[in-house]
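Residue-level listing of the chains:
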Amino acid sequence: MDKITYQYKPIYSAKSLALLLGISTNGLVKISSDSRSYFQLSPQIKKNGDTRSCYNLKPPLKHIHTSIKKKITSCVKYPEYMQGSIKGRSNITNAKLYEKSKNIIQLDVENFFPSITSKYIYNLWRYFFHFSDEVSTLLVNLTTLDGNLIQGSPLSSDIANLIFWDKEQEFVRNLQKYGLVYSRYVDDITISSKGPVSNKSKANAIKCVHSMLKSKGLKLKHNKTQILGQNSRMIVTGNVINDTNKVSQEYIDNVYKEINNKESGVSSLQGEVNYIGQTRPKVAKRLNKIIN
């Protein structure tokens with residue numbers, strides 16, 4: 001399957017949406033019209049020291065987002081080239097797509113989540129899900145703040161995954177004609193080849209990604225663009241693909257740093273250590289001893 005699909009019936013009225021989400025129609029409309037009062041800013045510090053604007057959702061909006069995810073977006077079927085925040089897929093399954101690659105191109109979307117605007121989120125609800133204008137407008141109001149997608153909602157990654165619903169599959173098929181493999185891990189894009197690729201083909205691939213992003217008002221983070229060959233240490237979503245697909249030493253060093261500086265809670269650190277343990281069990285054992 002190389003196509004995003006949603007096979008359930010469209011929702012045409014606020015009443016039907018409210019019934020699906022388990023809330024009264026009046027309650028849903030009222031929350032939608034005053035949704036900003038349910039978003040609470042909760043800044044997070046990135047590993048590089050920068051601040052990321054994340055939000056906690058207050059009830060009942062939080063419950064509504066959870067219900068939308070459970071009843072609507074979780075029913076979407078995704079193609080293999082989409083790997084991030086999807087059940088049964090991970091940064092490890094993403095990296096495995098690129099084993100034995102001779103070249104990889106790595107691209108990152110700049111300021112991805114907050115750069116996704118209500119215009120394109122409306123189009124997603126209206127023309128991919130085929131919901132009515134009334135329902136699509138309600139969902140936009142419920143899932144955006146000041147006209148932009150926020151980070152922190154259980155729905156954020158689903159919407160981000162789906163935002164290229166009308167562009168990405170055609171782009172992937174064109175790449176496949178030239179023997180190129182593509183995947184997107186939310187905002188991390190990787191393109192690779194098992195054989196030699198000309199500089200012109202690489203440039204065209206990047207140009208096409210730029211065009212796809214531009215169609216949604218997005219752009220590349222050019223300082224994160226990398227083109228690597230077999231002689232380089234090739235890392236895809238934290239895994240070294242030309243060294244038996246192990247977690248990178250850089251990732252491990254960052255976890256050591258978080259432990260020593262007490263930058264993260266125990267549950268967060270444990271999740272990172274468990275991830276390391278999938279391919280580096282001895283390292284994970286040492287880290288667990290430090291945590292405990």
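The following refers to the structure shown. A quick note: this is a predicted structure, and the numbers were derived from the prediction, not measured.

Rules behind the numbers
- Residues numbered from 1 in each chain as written.
- Predicted model: local features only at pLDDT ≥ 70, side-chain atom pairs only at ≥ 80, totals over all residues.
- Heavy atoms only, no water.
- 1 Å grid on protein atoms, 1.4 Å probe; cavity = no way out; pocket = protein on both sides within 12 Å on 5 of 7 lines; lining within 4 Å.
- Points joined across faces, edges and corners; volume = space filled by probe spheres on them.
- Nonpolar A, V, L, I, M, F, W, Y, C, P; charged D, E, K, R; others polar.
- Pairing = 2+ DSSP bridges.
- Helix = DSSP H or I, 4+ residues; strand = E, 2+ residues; numbered from the N terminus.
- Axes fitted to C-alpha atoms, helices over the stretch in contact; angles between N-to-C directions.
- Contact = heavy atoms within 4.5 Å.
- Buried < 20%, exposed > 50% of the residue type's maximum accessible area, 1.4 Å probe, protein only.
- Polar contact = N/O pair within 3.5 Å; in protein donor to acceptor, adjacent residues only side chain to side chain.

**So, the layout of surface pockets**
Then step 1. Estimates place the volume of the second largest pocket at around 380 Å³.
Then step 2. In terms of lining, the second largest pocket is formed by 16 residues, of which the most central are Phe-171, Asn-174, Leu-175, Asn-204 and Cys-208.
Then step 3. Split by residue class, the lining of the second largest pocket holds nine nonpolar, five polar and two charged.

**Structural notes on the sheet that holds strand β5 (residues 103-108)**
Then step 1. Pairing within the open sheet is antiparallel, and its four strands lie in the order β8-β9-β5-β10. Because the sheet does not close on itself, it has two edges, and the strands there are β8 (180-185) and β10 (226-229). Between one strand and the next, the sheet's axes are offset by a mean angle of 15 degrees, whatever the strand orientation.
Then step 2. As defined by bridge partners, β5 adjoins β10 across four bridges and the pair is classed as antiparallel. Looking across to β10, one finds that Asn-103 is bridged to Gly-229.
Then step 3. Contacts from helix α9 (residues 168-177) reach β8 and β9 (188-193) within the one sheet, and its direction differs from that of β8 by about 150 degrees.
Then step 4. The strands touched by helix α10 (residues 199-214) within the sheet are β5, β8, β9 and β10, with β5 carrying the most contacts at an inclination of about 25 degrees.

**Thoughts on the side chain of Ser-136**
Then step 1. You can see Ser-136 is positioned in helix α7 (residues 133-143).
Then step 2. Classification of Ser-136 as buried rests on a relative accessible area of 0%.
Then step 3. In terms of polar contacts, Ser-136 uses its side chain to reach the backbone amide nitrogen of Arg-126, at 3.3 Å.
Then step 4. What Ser-136 contacts, discounting residues up to four positions off in sequence, is Tyr-122, Trp-125, Arg-126 and Phe-131.

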